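Architecture at a glance
Spelled out, the chains give:
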Amino acid sequence: MVETSLYQTYNRADLSFVRGEGVWLETADGRRFLDCAAGIAVNSLGHSHPALVDALKTQADKLWHVSNLYAIDGQEAFATKLTEATFADRVFCTNSGAEALECAIKTARRHFYVNGQPERVNIITVEGAFHGRTLATIAAGGQAKYLEGFGPKAPGFIQVPFGDHDALRAAVDEHTASILVEPIQGEGGIRPLPTECLRGLRELCDEAGILLIFDEVQTGVGRTGKLFAHEWAGITPDIMAIAKGIGGGFPLGACLSTEAAADGMVAGTHGTTYGGNPLAMAVGNAVLDVVLADGFLDGVQRKGLLLKQKLAGVVDRHPDVFEEIRGKGLMLGLKCRAPNVDVLRHFRDHNVLAVGAGENVLRIMPPLTITEDELEEAVSRIDAAADAMDSELKRGAAE
Ligand code: PLP
């Protein structure tokens, strides 16, 4: 008998939340969970942030939707905030990360098309990457588990092993349009690309005359303590995809580009029905106002260091459960020794939420607005969950 009308594409946890406030999520029966996942790095300002609720309600009373055939209230302001704060000159609004990536890929290919090099179509990516679930972005991510059964892999995506500079260099040829990377792989297991690698990528792209695309869907909008993670390396991309945190929970993404790289994206080449709609713009502008306010990112850096330091203590106390803590700002990964799904079960038993990732990692990505007291509370729950995991391991060994 069919028990659900939904596609069975998720292995959902047996939990459902009915309200949220700040870092707290509440079930219908009143259980409160400390949210150290923030969606998956989406609720950048926590749940029900007053500025976002107010922006959305105010806009809902005025106007929900007009087509991109007209100037949309808030879109110009949103784009200007982003261009003033970044390398970019142009912004295309989307509803999701995958769509922002699609726009980035199209922008890169079209740039070479209009500049007399139409053969430059290939996008080089890195193993372990995740760029979304559309046909192009599963090809970009290159992971067999996401490609299997969906017909021929979209052509034009070449993958090189993580950290293999020689392979990367060797993959660049006269058909290459761009290199696409996440500055810190999220789904891949909080795997940072070292600063010198990011700088090396910029140099390689400049030497080869190709475009550098950063996927900052997960790392962006303050998550690592800078507005965008690549800023730590002191370099800039030509094109960048963002989403998740920029909408704080409202579906919103964007593709940012330099003027030069976006030169092929003229009228009629790309479009979207909902991207940049008035509701999304109201929320996106409100998120940026908070994140760009004086001191906000300093606070994320400070809290990130504190959390990393405290979680390092938890790792030291539980060497059979955890191997290391890695990542930057409030984008941290606990690499587990015990299976991460088992550790996550104990987290949930202690009413704290995290999210799994590749390499047997648990991602710890609380709202950027988490207070220091709440951080302490998160760490003490994680410590208690690790104790419980330890006991389970010991019981297993004794049997
Ligand atoms: N890129 C990265 C780095 C991501 O983490 C994700 C989502 O997890 C995506 C792209 C795809 O974003 P979306 O699910 O909004 O399409």
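Residues numbered from 1 in each chain as written. Predicted model: local features only at pLDDT ≥ 70, side-chain atom pairs only at ≥ 80, totals over all residues. Heavy atoms only, no water.

Positive phi, close to 55 degrees, is recorded for Ser48, a residue that is not glycine. Counting through the fold element by element, Ser48 comes out in the loop between helix H1 (38–41) and helix H2 (50–62). Judged by its relative accessible area of 46%, Ser48 falls in the partly exposed class. If you check the backbone angles, Lys244 has positive phi at about 40 degrees while not being a glycine. Secondary-structure assignment places Lys244 in the loop between strand S11 (239–242) and strand S12 (253–257). For Lys244, a relative accessible area of 21% translates into the label partly exposed. (Helix = DSSP H or I, 4+ residues; strand = E, 2+ residues; numbered from the N terminus. Buried < 20%, exposed > 50% of the residue type's maximum accessible area, 1.4 Å probe, protein only.)

A word on the packing of H2 against helix H9 (residues 278–291). Axis separation between H2 and H9 bottoms out at 9 Å; the angle between their running directions is 155 degrees. With respect to H9, the axis of H2 lies roughly antiparallel. As H2 packs across H9, the resulting crossing turns out to be right-handed. Residues Ala51, Leu52, Ala55, Leu56, Gln59 and Ala60 of H2 lie in contact with H9, whose contacting residues are Pro278, Leu279, Ala282, Val283, Ala286, Val287 and Val290. Within the contact of H2 with H9, the residues separate by chemical class into 12 nonpolar, 1 polar and no charged. (Axes fitted to C-alpha atoms, helices over the stretch in contact; angles between N-to-C directions. Parallel < 35°, antiparallel > 145°, perpendicular 65-115°, else oblique. Left-handed = near helix turned anticlockwise from the far one by under 90°. Contact = heavy atoms within 4.5 Å. Nonpolar A, V, L, I, M, F, W, Y, C, P; charged D, E, K, R; others polar.)

Another point: the site of the ligand. In the neighbourhood of the ligand, the contacting residues comprise Ser96, Gly97, Ala98, Phe130, His131, Gly132, Glu182, Glu187, Asp215, Val217, Gln218 and Lys244. Ala98 has a polar backbone atom sitting 2.8 Å from an oxygen atom of the ligand. A distance of 3.3 Å is found between a nitrogen atom of the ligand and a backbone nitrogen or oxygen belonging to Phe130. Considered class by class, the residues forming the shell around the ligand number 3 nonpolar, 5 polar and 4 charged. (Near = heavy atom within 4 Å. Polar contact = N/O pair within 3.5 Å; in protein donor to acceptor, adjacent residues only side chain to side chain.)

With that settled, the discussion passes to the sheet that holds S12. Strand pairing in a sheet relies on backbone hydrogen bonds, with the paired strands running either antiparallel or parallel. The strand order across the open sheet formed by 7 strands is S4-S12-S11-S10-S7-S5-S6, and the pairing between neighbours is mixed. Strand pairing shows two members of the sheet lacking a second neighbour, strand S4 (90–94) and strand S6 (157–160), which therefore form its edges. When strand polarity is set aside, the average angle formed by the axes of neighbouring strands in this sheet is 20 degrees. Looking at chain direction, strand S10 (residues 211–215) and S11 are connected through 3 bridges and run parallel. Following the sheet pairing, Phe214 is matched in S11 by Met240. (Pairing = 2+ DSSP bridges.)

All right, on to the sheet that holds strand S13 (residues 322–328) then. Strand order in this open sheet of 4 strands is S13-S14-S17-S16, and the pairing throughout is antiparallel. Each end of this open sheet is capped by a strand with a single partner; those strands are S13 and strand S16 (355–357). Across the sheet, the axes of successive neighbouring strands diverge by a mean angle of 30 degrees, strand direction being ignored. Pairing of strand S14 (residues 331–336) with strand S17 (residues 361–364), which is carried by 4 bridges, proceeds in the antiparallel orientation. Bridge assignment links Leu334 to a residue of S17, and that residue is Leu362. Packed onto the sheet, helix H11 (residues 340–349) meets S13, S14, S16 and S17 and runs at close to 40 degrees relative to S17.

Within the secondary structure, His346 is located in helix H11. Classification of His346 as buried rests on a relative accessible area of 7%.

Attention now moves to H9. The periodicity of an α-helix, 3.6 residues per turn, causes residues three or four positions apart to be oriented the same way. Taking 1.5 Å as the rise per residue, H9 with 14 residues should run 20 Å; its terminal C-alpha atoms sit 20 Å apart, in good agreement. Taken across its 14 residues, H9 has 13 buried, putting it largely inside the fold. Two to three positions downstream of the cap, the backbone nitrogen of Leu279 sits 2.9 Å from a side-chain oxygen, assigning the N-cap of H9 to Asn277. (Expected span 1.5 Å × (residues − 1).)

We now examine the confidence of the model for the chain. Taken as a whole, the chain shows an average pLDDT of 97; of its residues, 99% reach a score of 70 or greater. Looking across the chain, the model is least confident in helix H7 (residues 165–171), with a mean pLDDT of 95, and most confident in S11, with 99. (pLDDT = per-residue confidence, 0-100.)

We now examine helix H12 (residues 372–398). Along its 27 residues, H12 runs 39 Å from first to last C-alpha, staying within 8% of the 39 Å computed at 1.5 Å per residue. What H12 keeps buried is the set Glu374, Leu375, Ala378, Val379, Arg381, Ile382, Asp383, Ala385, Ala386, Met389 and Asp390.

For the rest of this paragraph, the subject is the nonpolar core. What tends to happen in soluble globular proteins is that the nonpolar side chains get buried as a cluster. Counting residues in each nonpolar core, the largest one holds 79 residues, and the members touching the most others are Ile179, Phe322, Phe347 and Ile364. Considering every element that reaches this core, the biggest residue donor is H9, with 9 residues. Sequence-distant contacts of Ile179, that is, excluding residues within four places in its chain, are made with Ile124, Leu168, Val172, Leu201, Leu204, Cys205, Ile210, Leu211, Leu212 and Ile213. One finds Ala100, Leu101, Ala108 and Cys255 within the second-largest nonpolar core, a separate group that totals 22 residues. (Core = buried A, V, L, I, M, F, W, Y, C linked by side-chain atoms within 4.5 Å.)

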